[in-house]
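Okay, here's what each chain looks like letter by letter:
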Amino acid sequence: MVKVIVAGYHGRMGSTAAQMVIDNADFELVGVFDARGKDENLGEDDQFKGQDVPAFHDLQAIKTDATVWIDFTIPTAVYENAKFAINHGISPVIGTTGMTDAQVADLQKLAKDKQVGGLIAPNFGISAVLLMQFAQQAAKYFPDVEIIEMHHADKIDSPSGTAISTAKKIAEVRKPKEQGNPDATETLPGARGAEYEGMRIHAVRLPGLVAHEEVMFGGPGEGLTIRQDSYDRISFMTGVKVAVEKVNQYHELFVGLEHLL
Ligand SMILES: NC(=O)C1=CN([C@@H]2O[C@H](COP(=O)(O)OP(=O)(O)OC[C@H]3O[C@@H](n4cnc5c(N)ncnc54)[C@H](OP(=O)(O)O)[C@@H]3O)[C@@H](O)[C@H]2O)C=CC1
Ligand SMILES: O=C(O)C1=N[C@H](C(=O)O)C[C@H](O)C1
């Protein structure tokens, strides 16, 4: 039985993850955390009526025998949350995006020092993991790339963690190249999107969307578009479940679900 605490349990992803843990016979939800909540027990939340799970709202006051910490919170909270988990010997399974490279490196060092396994996954969806792998493969032959990520209108960070991760994976194999016309101008600032090593990243935010990404490649007389769609947040739970099952077996903090698949 894997004992789990979920941070961000009032949120879209945190509530989905808490439900997944409750529904899984091999997992036990032993705590929930949300810095701005007031309830003392998860059962006070209408969605979780009948559950008896302690709810915490102050990081330093958390007392738990959880061995896995699932985190779907906000970019400004996740680093401190992960540090707390690792320092208490709890393996973090982090879906929250928006950490800096320096913060990730810091957490990896801490996890190694403490010999705690963990995972930071910018995307727990299998379709997104495959999209990133296929895009990396294609970029060897098509160095001209545009990444278009599309999300629901409430998303805080942009570009998405998945888009940044896609660009990083492509950059590992792509011949460095300044794309487009060197004399190009922007009549409206930002029209060409964000720039990562010459690639352009565009962030679309619209009600009705969940999480989607297209990577477009162009070459002389041909093009290739790779697309993935998360139509429902349940799409991320396959990956979260795998991570919860396996993360305690390791003694380092991985970045990317592919390391545990
Ligand atoms: N890796 C992946 O596969 C996926 C990652 N994500 C990422 O997960 C994160 C959460 O997304 P989503 O669920 O849509 O966002 P929500 O805004 O719905 O949920 C975030 C939750 O975190 C809570 N929160 C705020 N501050 C803290 C804190 N200091 N400690 C603990 N909890 C806190 C919020 O509480 P309050 O409401 O009171 O502010 C809220 O309930 C985002 O970074 C998103 O990019 C999303 C989908 C998939
Ligand atoms: O905020 C979201 O919803 C999502 N966030 C992650 C990201 O930033 O890549 C993963 C997925 O795209 C959904």
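Residues numbered from 1 in each chain as written. Chains lettered and ligands numbered in written order. Predicted model: local features only at pLDDT ≥ 70, side-chain atom pairs only at ≥ 80, totals over all residues. Heavy atoms only, no water.

Student: What should I look at first to understand the site of ligand 1 in this one?
Tutor: Every one of the 24 residues lining ligand 1 counts as a neighbour, but M13, R36, T97, F124 and K155 are closest to it. One of the side-chain nitrogen or oxygen atoms of R36 is found 2.6 Å away from an oxygen atom of ligand 1. G95 has a polar backbone atom sitting 3.1 Å from a nitrogen atom of ligand 1. Across the complex, the protein chains shield 82% of the 930 Å² of accessible surface that ligand 1 would expose by itself. Within the shell around ligand 1, the residues separate by chemical class into 10 nonpolar, nine polar and five charged. (Near = heavy atom within 4 Å. Polar contact = N/O pair within 3.5 Å; in protein donor to acceptor, adjacent residues only side chain to side chain. Areas by Shrake-Rupley, 256 points an atom, 1.4 Å probe, with all protein chains shown as cover. Nonpolar A, V, L, I, M, F, W, Y, C, P; charged D, E, K, R; others polar.)

Student: Hey, could you run me through the sheet that holds strand β9 (residues 199-205) in this one?
Tutor: Whether parallel or antiparallel, the strands of a sheet pair through hydrogen bonds between backbone atoms. Read across the open sheet, the five strands follow the order β8-β9-β7-β10-β11; overall the sheet is mixed. The outermost strands of the open sheet, each flanked by one partner alone, are β8 (194-196) and β11 (222-230). Recorded for the sheet is a direction-independent mean angle of 20 degrees between the axes of neighbouring strands. Alignment of β8 against β9, held across three bridges, turns out to be antiparallel. Of the residues in β9, the one forming a bridge with Y196 is M199. Across the sheet, helix α4 (residues 126-139) touches β10 (211-219) and β11, and the angle it forms with β11 is around 165 degrees. (Pairing = 2+ DSSP bridges. Helix = DSSP H or I, 4+ residues; strand = E, 2+ residues; numbered from the N terminus. Axes fitted to C-alpha atoms, helices over the stretch in contact; angles between N-to-C directions. Contact = heavy atoms within 4.5 Å.)

Student: Hey, could you run me through the site of ligand 2 in this one?
Tutor: Close to ligand 2 lie T97, P122, N123, H151, H152, K155, D157, S160, G161, T162, A211 and F236, which account for all nearby residues. Note that an oxygen atom of ligand 2 is positioned 2.6 Å from one of the side-chain N or O atoms of H151. K155 is positioned such that a nitrogen or oxygen atom in its side chain is 2.8 Å from an oxygen atom of ligand 2. When the free accessible area of ligand 2 is taken as 320 Å², the share hidden by the protein chains comes to 86%. Placement of ligand 2 is best described as lying within the largest pocket. A breakdown of the residues in the shell around ligand 2 according to their chemical character gives three nonpolar, seven polar and two charged. (1 Å grid on protein atoms, 1.4 Å probe; cavity = no way out; pocket = protein on both sides within 12 Å on 5 of 7 lines; lining within 4 Å. Sits in = over half its atoms within 2 Å of the grid points.)

Student: Would you take a moment to explain the nonpolar core for this structure?
Tutor: One finds V4, I70 and F124 to be the most contacted residues of the largest nonpolar core, which totals 35 residues. Secondary-structure elements contributing two or more residues to this core are β1 (2-7), α1 (12-23), β2 (27-33), β4 (68-71) and α6 (237-246). Sequence-distant contacts of V4, that is, excluding residues within four places in its chain, are made with V21, F27, E28, L29, V30, G31, A66, V68, I70 and V244. Membership of the second largest hydrophobic core comes to 17 residues, among which are V145, I170, V215 and F217. (Core = buried A, V, L, I, M, F, W, Y, C linked by side-chain atoms within 4.5 Å. Buried < 20%, exposed > 50% of the residue type's maximum accessible area, 1.4 Å probe, protein only.)

Student: Looking at this structure, how should I read the packing of α4 against helix α5 (residues 161-173)?
Tutor: Geometry of a packed helix pair, given as the angle between the helix axes and the separation of the axes. Where α4 contacts α5, the axes come no closer than 8 Å and their chain directions differ by 30 degrees. For the element pair α4 / α5, the angle class is roughly parallel. Once α4 is placed against α5, the crossing between them reads as right-handed. Contact residues: A128, L131, M132, A135, Q136 and A139 in α4; T162, S165, T166, K169, I170, E172 and V173 in α5. Of the residues contributing to the contact of α4 with α5, the split by class is seven nonpolar, four polar and two charged. (Parallel < 35°, antiparallel > 145°, perpendicular 65-115°, else oblique. Left-handed = near helix turned anticlockwise from the far one by under 90°.)

Student: Help me out: how do you make sense of the pattern of salt bridges in this one?
Tutor: When their charged atoms lie close together, side chains carrying opposite charge are able to pair. Here the structure, examined in full by the defined rule, presents 14 salt bridges. Between E214 and R227 there is a salt bridge whose closest N-O contact spans 2.8 Å. Within this pair, whereas E214 is found in strand β10, its partner R227 is found in strand β11, the two being separated by 13 residues in sequence. Judged by relative accessible area, which is 18%, E214 ranks as buried. When the shortest N-O distance is used, the salt bridge between K241 and E245 registers 3.1 Å. Of this pair, K241 and E245 are both found in helix α6, four residues apart, which corresponds to roughly one turn of the helix. Relative accessible area serves as the criterion here: at 32%, K241 is assigned to the partly exposed category. Owing to a relative accessible area of 35%, E245 belongs among the partly exposed residues under this scheme. Salt bridges sharing partners connect three or more residues here, namely E214, R227 and D229. (Salt bridge = Lys/Arg side-chain N within 4 Å of Asp/Glu carboxyl O.)

Just geometry here; none of it tells us what the structure is for.
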